[in-house]
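# Examination of the molecular architecture
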Amino acid sequence: MSGKPKLHYFNGRGRMESIRWLLAAAGVEVCLYGSLLFQQVPMVEIDGMKMVQSRAIGNYIAMKYNLYGKDLKERALIDMYVEAVIDLNELLMTHILQPADKKEQHFATIVDKATNRYFPVYEKVLKDHGQDFLVGNQFSRADVQLLETLLMAEECKPDILAKFPLLQSFKARISNIPTIKKFLQPGSQRKPPLQEKDLPKVMKIFH
């Protein structure tokens, strides 16, 4: 029943990347498999279970490795912050999939929603909370998923955090947590952004 979790997904970011981030944050080594089961959704073998559905997997990992707050109230806040991050993450992840004539508008939508809807909220949370982390005073799933999305947003637009000094400090602080720092190094199991040249191969896998 013990042993390394096994991750089944294609060799790219997709919906498995947030799960890789969480496991890395917890300092957990994993085994990677290129196979896709259960109709092309991420599947994780852990503790004798074969888990699908990204949110369910993320919740389980967060609970198992103490990344889910200390009580029900903190878990509710973590869920709230994570759900909003997932919405922005989806926008960022699907940008490369847009047709050429829609890319410019999609990019504008990303920048608008990131800088006018999502980032101001997290900037205010950090200011009002006055702690190093989003929830309570300990590292949680919310911090992991927000950092992942901030870095993806900067890949899309390098100066996207220019007006958000607390988010910039948060990014630097969370990036220096030892398990995260290790995951951000070359040679880790973090996947690079999807490239245009890889699209045909990816589309073939999923369709």
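What counts, and at which threshold
Residue numbering note: each chain is counted from 1, following its sequence as written. Local features in a predicted model are, by the rule used here, given only for residues with pLDDT of at least 70; side-chain atom pairs are given and counted only at 80 or more, and totals for whole chains, interfaces and linings are based on all residues. Remark: hydrogens and water are excluded; side-chain values derive from all non-hydrogen atoms of the structure. UniProt positions are given in the numbering used here, feature names are shortened, and annotations may be inferred rather than shown by experiment. Each residue's exposure class comes from its accessible area (1.4 Å probe, protein chains only) as a fraction of the maximum for that residue type: buried when under 20%, exposed when over 50%, partly exposed otherwise. Strands here are runs of E lasting at least two residues and helices are runs of H or I lasting at least four, both read from the DSSP assignment and numbered beginning at the N terminus. Every residue pair with non-hydrogen atoms within 4.5 Å of one another is taken to be in contact. Think of each axis as a best-fit line through the C-alpha atoms, taken over the contacting stretch in the case of a helix, with angles from 0 to 180 degrees between the N-to-C directions. Oblique is the label for any angle not under 35 degrees, not over 145, and not in the 65 to 115 range, which are roughly parallel, roughly antiparallel and roughly perpendicular in turn. Crossing handedness follows the turn of the near helix against the far one: under a right angle anticlockwise gives a left-handed crossing, and clockwise gives a right-handed one. Only strands that DSSP links by at least two bridges are regarded as paired with each other. Put simply, Ala, Val, Leu, Ile, Met, Phe, Trp, Tyr, Cys and Pro go in the nonpolar bin, Asp, Glu, Lys and Arg in the charged bin, and everything else, Gly too, in the polar bin. By convention a nonpolar core is built from buried Ala, Val, Leu, Ile, Met, Phe, Trp, Tyr and Cys residues, the set being connected through side-chain atoms within 4.5 Å. Under this rule, positive means Lys or Arg and negative means Asp or Glu; His and the chain ends count for nothing. Each salt bridge in this description consists of a side-chain nitrogen of Lys or Arg and a carboxyl oxygen of Asp or Glu lying within 4 Å of one another. Any N or O atom pair separated by 3.5 Å or less is treated as a polar contact, with the protein-specific requirement of one donor-capable and one acceptor-capable atom, and with residues adjacent in sequence counted only for side-chain atom pairs.

Going by the annotation in an unreviewed UniProt entry, the name recorded for the protein chain is glutathione transferase, with Strix occidentalis caurina given as the source organism. Taken verbatim from the UniProt record of the protein chain, the Sequence similarities (unreviewed entry) comment is "Belongs to the GST superfamily. Alpha family."

Glancing now at helix H1 (residues 17-25). In terms of residue burial, H1 counts as a mostly covered element, since eight of its nine residues are buried. When we look at burial in H1, the residues that qualify are Glu 17, Ile 19, Arg 20, Trp 21, Leu 22, Leu 23, Ala 24 and Ala 25. On the buried face of H1, the contacting elements are strand E1 (6-8), strand E3 (43-46), helix H2 (54-64), helix H5 (141-156) and helix H7 (178-183). Where H1 ends, the next residue or the one after it, Gly 27, has phi of about 75°, a positive value.

The interhelical angle for the contact between helix H3 (residues 72-94) and H5, taken along N-to-C directions, is 20°, at an axis separation of 9 Å. Overall, the two elements H3 and H5 adopt an arrangement that is roughly parallel. Here H3 and H5 pass one another in a crossing that is left-handed. On H5, the residues touching Ile 78, Tyr 81, Val 82, Val 85, Leu 88, Asn 89, Leu 92 and Met 93 of H3 are Arg 141, Ala 142, Gln 145, Leu 146, Glu 148, Thr 149, Met 152, Ala 153 and Cys 156.

It is worth spelling out the pairing of E3 at this point. Note: E1 against E3, three bridges, orientation antiparallel. For Lys 6, the partnering residue across the bridge sits in E3 and is Glu 45. As paired elements, E3 and strand E4 (residues 49-52) share four bridges and run antiparallel to each other. Residue Val 44 lies in a different strand from E4, and its bridge partner there is Met 51. With antiparallel pairing between neighbouring strands as the criterion, E3 and E4 make up a hairpin whose turn holds two residues, including Asp 47 at a positive phi of roughly 50°.

Before going further, it helps to examine the packing of H3 against helix H4 (residues 100-129). Viewed as axis vectors pointing N to C, H3 and H4 meet at an angle of 160°, and their least axial separation amounts to 10 Å. Here H4 runs roughly antiparallel to H3, going by the angle between their axes. Here H3 and H4 pass one another in a crossing that is left-handed. Judged by residue contacts, Tyr 81, Ala 84, Val 85, Asp 87, Leu 88, Leu 91, Leu 92 and Thr 94 of H3 engage His 106, Ile 110, Lys 113, Ala 114, Tyr 118, Phe 119, Tyr 122 and Val 125 from H4. Here the residues of the contact of H3 with H4 sort into twelve nonpolar, two polar and two charged.

Further remarks concern the nonpolar core. Among the nonpolar cores identified, the biggest contains 56 residues, and Phe 119, Leu 134, Phe 139, Leu 146 and Leu 167 are the most heavily contacted of them. Discounting residues that sit within four places of it in the chain, Leu 146 has contacts with Val 85, Tyr 122, Leu 134, Leu 167 and Phe 170.

This brings us to the side chain of Glu 123. Of note, Glu 123 is situated in helix H4. Lys 127 provides the closest opposite charge to the buried, unpaired Glu 123, separated from it by 8.4 Å. Here Leu 166 takes part through its backbone nitrogen, which lies 2.9 Å from a polar atom of the side chain of Glu 123. With near-sequence residues (within four places) excluded, Glu 123 lies in contact with Phe 164, Pro 165, Leu 166 and Leu 167.

Attention now moves to the side chain of Lys 191. On the secondary structure map, Lys 191 appears in the loop between H7 and helix H8 (199-206). Buried and unpaired, Lys 191 has no salt bridge, with Glu 17 as the nearest side chain of opposite charge at 6.8 Å. In contact with Lys 191, not counting residues within four places along its chain, are Asn 11, Gly 12, Arg 13, Glu 17, Arg 20 and Leu 32.

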